[in-house]
Amino acid sequence: MDSPPDSTRADASRPAADPAAPGWRLLAFAYDAVPLVALLMIASGLLLALAGGRTVERAPLLAAAEFVALWALCGAYFVLSWRRGGQTLGMRPWRLKLVDADGRLASVRVLWLRYLIGSVTPVIGWLWCFADPQRRAFCDIAARTVFVRLRA
């Protein structure tokens, strides 16, 4: 089992941090919903224009393609944000950060794995944070990442 980043050492390369409580994750996700809704509305409008103004209710293949495109767009938002600085817009106000087991920024492949597992097990994965001593969700365990709260 991987250990979380060293929370006792505060050197210049890694700020001191502790595993984030599940409530902080939920707050960050709620805050991230704001830019995601705007992003999804723009993308949906573009997809609607590409379909000639026809909605996808009666076109199962088009509906599946639209779902995959919107899912990938959300994933790109999270993965690019996590890779760029370990934080999404919703994580910044509460000093939350996503790092690998060594306390560094995770690779793009690991972040996509985390997003995939997190989107397949959203509720049960988040609830697992209450049982895990290191406050990891299923997606954190699978991707060997840690969701931390930086000390002030």
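In short, a report on the structure. Model, not experiment: these values are computed from the prediction. (Residues numbered from 1 in each chain as written. Predicted model: local features only at pLDDT ≥ 70, side-chain atom pairs only at ≥ 80, totals over all residues. Heavy atoms only, no water.)

## Topic: unusual backbone geometry
Most peptide bonds take the trans form, and the phi angle of most residues other than glycine is negative. At R95, a position not held by glycine, the phi torsion is positive, near 55°. Mapping R95 onto the fold places it in the loop between helix 2 (60-85) and strand 2 (96-100). (Helix = DSSP H or I, 4+ residues; strand = E, 2+ residues; numbered from the N terminus.)

## What about helix 1 (residues 22-50)?
Taking 1.5 Å per residue, 29 residues should reach 42 Å; helix 1 reaches 40 Å between its end C-alpha atoms and fits that length. When the local axis directions of helix 1 are compared, the greatest deviation, roughly 35°, occurs at V34, which is followed within four positions by the proline P35. Buried within helix 1 we find P22, R25, A28, D32, L36 and A43. Taken together, the buried residues of helix 1 touch helix 2, strand 2, helix 3 (108-120), helix 4 (122-131), helix 5 (138-143) and strand 3 (145-150). G52 sits one or two residues past helix 1 and shows a positive phi near 70°. (Expected span 1.5 Å × (residues − 1). Bend = angle between axes of the 7 residues up to and from the residue. Buried < 20%, exposed > 50% of the residue type's maximum accessible area, 1.4 Å probe, protein only. Contact = heavy atoms within 4.5 Å.)

## As for the packing of aromatic side chains
Summed over the entire model, instances satisfying the criterion amount to 9 aromatic pairs. Centre to centre, the rings of F78 and W82 are 5.4 Å apart; their planes meet at 35°, and the pair counts as tilted. Of this pair, F78 and W82 both sit in helix 2, 4 residues apart, which is roughly one turn of the helix. Both rings, one in W126 and one in F130, keep their centres 5.4 Å apart while their planes meet at 90°; by these two values the pair is edge-to-face. A residue pair is termed a helical-turn pair when its members lie 3 or 4 positions apart in one helix, as W126 and F130 do in helix 4 at 4 residues. F130 sits in the exposed class, given a relative accessible area of 54%. (Phe/Tyr/Trp six-rings, centres within 6.5 Å; stacked < 30°, edge-to-face > 60°.)

Just distances and angles here, no functional claims.
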